[in-house]
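Tertiary structure, described
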Amino acid sequence: MKVLLLEPWFGGSHRAWAEGYVRHSAHRVELLTLPAQFWKWRMQGAAVSMARMVRERGTQTDIVLASGMMNVATFRALASCPAPLALYLHENQLAYPQNARQRHGWQYGFVNYISALAADRVFFNSAWHRDVFLEELPRMLRHFGDFNEEDSVESIGEKAGVLAPGMELRRHDRFRPSTQEGRKAPLILWNHRWDEDKNPPLFLDALQSLAADGVPFRVALAGANLRREPMEFEAARASLGDRIVQYGHVDDEEDYSRLLWSADYVVSAAWQDFFGMAVVEAMYCKCVPVLPQRLNYPHLVPPDLHTQCLYRRNRLAPLLLRHLNGQFEVDSDRLRAHVLQFDWEIQAPLMDRALEHLAGQA
């Protein structure tokens with residue numbers, strides 16, 4: 001089939017997903033993209049630009065696959081493209097925490113809603129994501145005065161499916177060390193954005209508590225930082241001193257892979273994570289996860305390992321201490337095998353079949 005993939009936010013995990021599907025699909029996938037900037041304008045205006053690009057392109061396609069960073073209803077009205085359209089939601093603005101600076105209310109969540117209504121099929125990157133989206137929709141609709149159209153939620157649920165985002169996990173194998181390093185203090189990895197929705201204060205407070213008790217560990221504070229003054233990270237840098245072996249984002253692919261392989265634990269404290277790609281990458285490289293028992297995280301860990309790997313009520317420090325004290329033995333090879341299901345080698349055929357089925361229905 002000819003698949004036209006529309007990605008209005010061509011950066012970060014969105015770009016990795018789009019390029020990965022182009023490489024691994026059995027179909028001929030053509031990319032149309034816009035730069036990853038001005039996210040609010042992308043959700044509003046990308047549909048107009050994408051529709052123009054499709055009209056100028058002229059050639060026909062069998063199916064359109066669009067990411068959730070644009071208004072699909074507007075696109076379909078303007079594009080004059082009769083092909084069936086599948087919407088892939090990496091995230092949604094209904095369940096995305098708004099900080100005090102944003103205050104945009106339901107505006108962008110409504111774009112996700114109207115896009116899901118206009119699409120022929122809606123794919124979510126996790127079952128948790130699908131469920132929370134369908135749970136939040138009635139709350140948004142009841143917010144308005146009349147004609148709430150709550151029955152439309154059921155129609156979206158009927159065409160909703162789950163497809164995990166494919167990942168280039170095997171690329172990390174090239175940089176796997178051939179020999180074990182000498183014994184050092186355990187290395188704890190933070191490879192998430194340094195933003196509020198990832199809840200860094202809980203993680204950094206846990207580290208400083210463990211350090212005050214004299215517990216031996218090292219820490220790598222990786223992940224992207226778009227903030228001018230990440231004060232809590234600067235404070236941790238001052239207090240943890242030479243325990244910090246990495247401070248700041250690691251741009252080079254080889255250096256990042258080697259960091260993953262050298263770490264013993266990957267930690268999250270997030271309030272928002274619709275899938276958990278950073279955690280999966282680290283688990284593939286044999287890091288033991290220490291994660292909150294919320295969001296999609298329980299689905300990333302085998303159920304019989306939840307006690308060892310998931311904490312409740314923000315009790316990160318006690319669970320991490322039990323690991324550092326050697327009270328748990330977690331089979332990291334088993335965790336690695338568990339997340340291998342998210343490699344593109346497995347996920348691309350699933351995406352192909354889902355799109356083939358949609359095209360066949362049309």
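Scope of this entry: the structure provided in the associated data block.

Rules used throughout
- Residues numbered from 1 in each chain as written.
- Predicted model: local features only at pLDDT ≥ 70, side-chain atom pairs only at ≥ 80, totals over all residues.
- Heavy atoms only, no water.
- Helix = DSSP H or I, 4+ residues; strand = E, 2+ residues; numbered from the N terminus.
- Disulfide = S-S within 2.5 Å.
- Axes fitted to C-alpha atoms, helices over the stretch in contact; angles between N-to-C directions.
- Parallel < 35°, antiparallel > 145°, perpendicular 65-115°, else oblique.
- Left-handed = near helix turned anticlockwise from the far one by under 90°.
- Contact = heavy atoms within 4.5 Å.
- Nonpolar A, V, L, I, M, F, W, Y, C, P; charged D, E, K, R; others polar.
- Bend = angle between axes of the 7 residues up to and from the residue.
- Phe/Tyr/Trp six-rings, centres within 6.5 Å; stacked < 30°, edge-to-face > 60°.
- Buried < 20%, exposed > 50% of the residue type's maximum accessible area, 1.4 Å probe, protein only.
- Pairing = 2+ DSSP bridges.

Notes on unusual backbone geometry
Positioned with a positive phi, Asn199 is a non-glycine residue whose angle comes to about 60°. Following the sequence through the fold, Asn199 ends up in the loop between β7 (187-190) and α7 (200-212).

A look at the state of the cysteines
The full count for this structure, using the stated rule, is zero disulfides. No disulfide involves Cys287; its nearest neighbouring cysteine sulfur is the one of Cys285, lying 6.8 Å away.

A word on the packing of helix α4 (residues 107-118) against helix α6 (residues 151-158)
How two helices sit against one another is set out by the angle between their axes and by the gap between those axes. The geometry of α4 relative to α6 is characterised by a closest axis approach of 9 Å and an angle of 60° between their N-to-C directions. Between α4 and α6, the angle is such that the two are oblique. Here α4 and α6 pass one another in a crossing that is left-handed. Taking contact as the criterion, the partners of Tyr113, Ala116 and Leu117 in α4 are, on α6, Ser152, Ser155 and Ile156. Classifying every residue of the contact of α4 with α6 by side-chain character gives four nonpolar, two polar and no charged.

Section: helix α2 (residues 39-57)
If you look at α2, its biggest bend is around 55°, right at Gly45. Buried residues in α2 make contact with β1 (2-10), β2 (28-35), α3 (72-79) and α4. Among the residues trailing α2, Gly58 stands out with phi positive, at a value near 80°.

Some thoughts on the packing of aromatic side chains
Counted according to the given criterion, the structure contains eleven aromatic pairs. Ring centres of Trp194 and Phe233 lie 3.9 Å apart, and the angle between their planes is 10°; on these two criteria the pair is classed as stacked. On the criterion of sequence distance, the pair formed by Trp194 in the loop between β7 and α7 and Phe233 in helix α8 (residues 231-240) is long-range, its members being 39 residues apart. Judged by relative accessible area, which is 2%, Trp194 ranks as buried. Owing to a relative accessible area of 0%, Phe233 belongs among the buried residues under this scheme. Here the aromatic cluster, defined as three or more aromatic residues joined through ring pairs, consists of Trp190, Trp194, Phe203, Phe233 and Tyr247.

Comments concerning the sheet that holds strand β10 (residues 265-267)
Through backbone hydrogen bonds, the strands of a sheet pair up, either in parallel or in antiparallel fashion. Reading across from one edge, β9-β8-β7-β10-β11-β12 is the order of the six strands in this open sheet, with parallel pairing throughout. Taken across any chain shown, the strands that pair with only one partner, and hence form the sheet edges, are β9 (244-247) and β12 (310-311). With three bridges connecting them, strand β8 (residues 218-221) and β9 associate as parallel partners. Residue pairing for β9: Leu221 is matched across the bridge by Tyr247. Each of β7, β8 and β9 is contacted by α8, which is oriented at about 155° to β9, the strand it contacts most. Where helix α10 (residues 277-284) meets the sheet, it contacts β7, β10 and β11 (288-292), and its direction lies at approximately 155° from that of β11.

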